[in-house]
Amino acid sequence: MKRLLLHPVAKPAVFIACLLPFAWLFYSALTNQLGANPAEALIRATGDWTLRFLCIVLAITPMRVISNTPALARFRRMLGLFVYFYVVVHLLSYSWFDMGFDLADIVKDIIKRPFILVGFSAFLLLTPLAATSFNAAIRKLGAKRWQMLHKLVYLIAGLGLLHFFWMRSGKNDFAEVFIYAGIIAALLGWRLWQRWGRRQHRATPQNTATP
């Protein structure tokens, strides 16, 4: 597995795999396979894929640690940028199909509807993370400040989940919401458990050998 992850073809293969949902949606839109309401189907599908990729990004570190596979970390940046890619497509789909790119109506709709405001806030917070996902940005910010900035991903995950919850509350359909909530809670809970374990380890007096 480690050899496969470090293979030169691994990154292009993951890149193509990440584009497949978009390619399928694009093809389905062209061939009228998105159902009776293609605009709604496209908006919701791109939102779903944003949340899925966010869960995948959050899962990288636990998977890397638990499986002792450091090579997984080399895909985290690419996957994070695909989160931003799908949220941009999601926002563009909403702006185009629902609002006709009418900026004044879009602003009014964001202010009027809390679930859209929450989703748009998550998009705004994701933007600096995507903009600083490059080595030059890490060098300019410094590793510590860069890491603090990118911890916003935890807040973004919460906002994304709240956006999804409010969107589904209109139809009283929470089955998928609970699934995503469970996944995100488990991934964030693992991080808290790891941090607590490190603090406990530091607080435990270390036995020193006597000559």
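Structure: see above.
Residues numbered from 1 in each chain as written. Predicted model: local features only at pLDDT ≥ 70, side-chain atom pairs only at ≥ 80, totals over all residues. Heavy atoms only, no water.

With respect to the nonpolar core
Turning to step 1, where the next piece is worked out: Counting residues in each nonpolar core, the largest one holds 39 residues, and the members touching the most others are F53, L54 and L79.
Turning to step 2, where the next piece is worked out: Here the element with the most residues in this core is helix α3 (residues 38–66); it accounts for 8 residues.
Turning to step 3, where the next piece is worked out: In this structure, I43, Y94, M99 and I106 belong to the second largest nonpolar core, which totals 6 residues. (Core = buried A, V, L, I, M, F, W, Y, C linked by side-chain atoms within 4.5 Å. Buried < 20%, exposed > 50% of the residue type's maximum accessible area, 1.4 Å probe, protein only. Helix = DSSP H or I, 4+ residues; strand = E, 2+ residues; numbered from the N terminus.)

As for the layout of surface pockets
Turning to step 1, where the next piece is worked out: There is about 1100 Å³ of room inside the largest pocket.
Turning to step 2, where the next piece is worked out: Lining of the largest pocket is provided by 32 residues; of these, T61, R76, H150, V153 and Y154 occupy positions nearest its centre.
Turning to step 3, where the next piece is worked out: Put simply, the parts of the chain that give the lining of the largest pocket at least two residues each are α3, α4 (76–98), α6 (114–131), α8 (143–150), α9 (152–169) and α10 (175–203).
Turning to step 4, where the next piece is worked out: Partitioning the lining of the largest pocket into residue classes produces 18 nonpolar, 6 polar and 8 charged.
Turning to step 5, where the next piece is worked out: Its volume calculated, the second largest pocket comes out at about 630 Å³.
Turning to step 6, where the next piece is worked out: As for the second largest pocket, its lining consists of 28 residues, of which I43, G47, H90, F115 and H163 are closest to the centre.
Turning to step 7, where the next piece is worked out: Within the residue set of the lining of the second largest pocket, elements represented by two or more residues are α3, α4, α6 and α9.
Turning to step 8, where the next piece is worked out: Looking at the lining of the second largest pocket, the element that brings in the most residues is α3, giving 8 residues. (1 Å grid on protein atoms, 1.4 Å probe; cavity = no way out; pocket = protein on both sides within 12 Å on 5 of 7 lines; lining within 4 Å. Points joined across faces, edges and corners; volume = space filled by probe spheres on them. Nonpolar A, V, L, I, M, F, W, Y, C, P; charged D, E, K, R; others polar.)

Examining a nonpolar patch on the surface
Turning to step 1, where the next piece is worked out: Together, L92, W96, F97 and F101 line one region of the surface with nonpolar side chains, adding up to about 440 Å² of accessible area.
Turning to step 2, where the next piece is worked out: Positionally, W96 belongs in helix α4.
Turning to step 3, where the next piece is worked out: Exposure remark for W96: the relative accessible area of 52% places this residue in the exposed category. (Patch = residues over 30% accessible without salt bridge, like charges linked within 9 Å, V, L, I, M, F, W, Y side chains within 5 Å. Areas by Shrake-Rupley, 256 points an atom, 1.4 Å probe, with all protein chains shown as cover. Salt bridge = Lys/Arg side-chain N within 4 Å of Asp/Glu carboxyl O.)

Regarding the side chain of T132
Turning to step 1, where the next piece is worked out: Of note, T132 is situated in the loop between α6 and α7 (135–141).
Turning to step 2, where the next piece is worked out: A residue is classified by how much of its surface remains accessible, and T132, at 13% relative accessible area, is buried.
Turning to step 3, where the next piece is worked out: Among the polar contacts made by the side chain of T132, one reaches the side chain of H150 at a distance of 2.9 Å.
Turning to step 4, where the next piece is worked out: Aside from chain neighbours lying at most four places away, what touches T132 is A137, I138, L141, W146, L149 and H150. (Polar contact = N/O pair within 3.5 Å; in protein donor to acceptor, adjacent residues only side chain to side chain. Contact = heavy atoms within 4.5 Å.)

What to know about α3
Turning to step 1, where the next piece is worked out: Given a rise of 1.5 Å per residue, 29 residues ought to cover 42 Å, and the 41 Å separating the end C-alpha atoms of α3 matches this to within 8%.
Turning to step 2, where the next piece is worked out: Along α3, the sharpest change in direction is near 35 degrees and occurs at A59; proline P62 comes one to four residues later.
Turning to step 3, where the next piece is worked out: At the exit of α3 stands N68, carrying a positive phi of roughly 55 degrees. (Expected span 1.5 Å × (residues − 1). Bend = angle between axes of the 7 residues up to and from the residue.)

As far as function goes, none of this settles anything; it's purely spatial.
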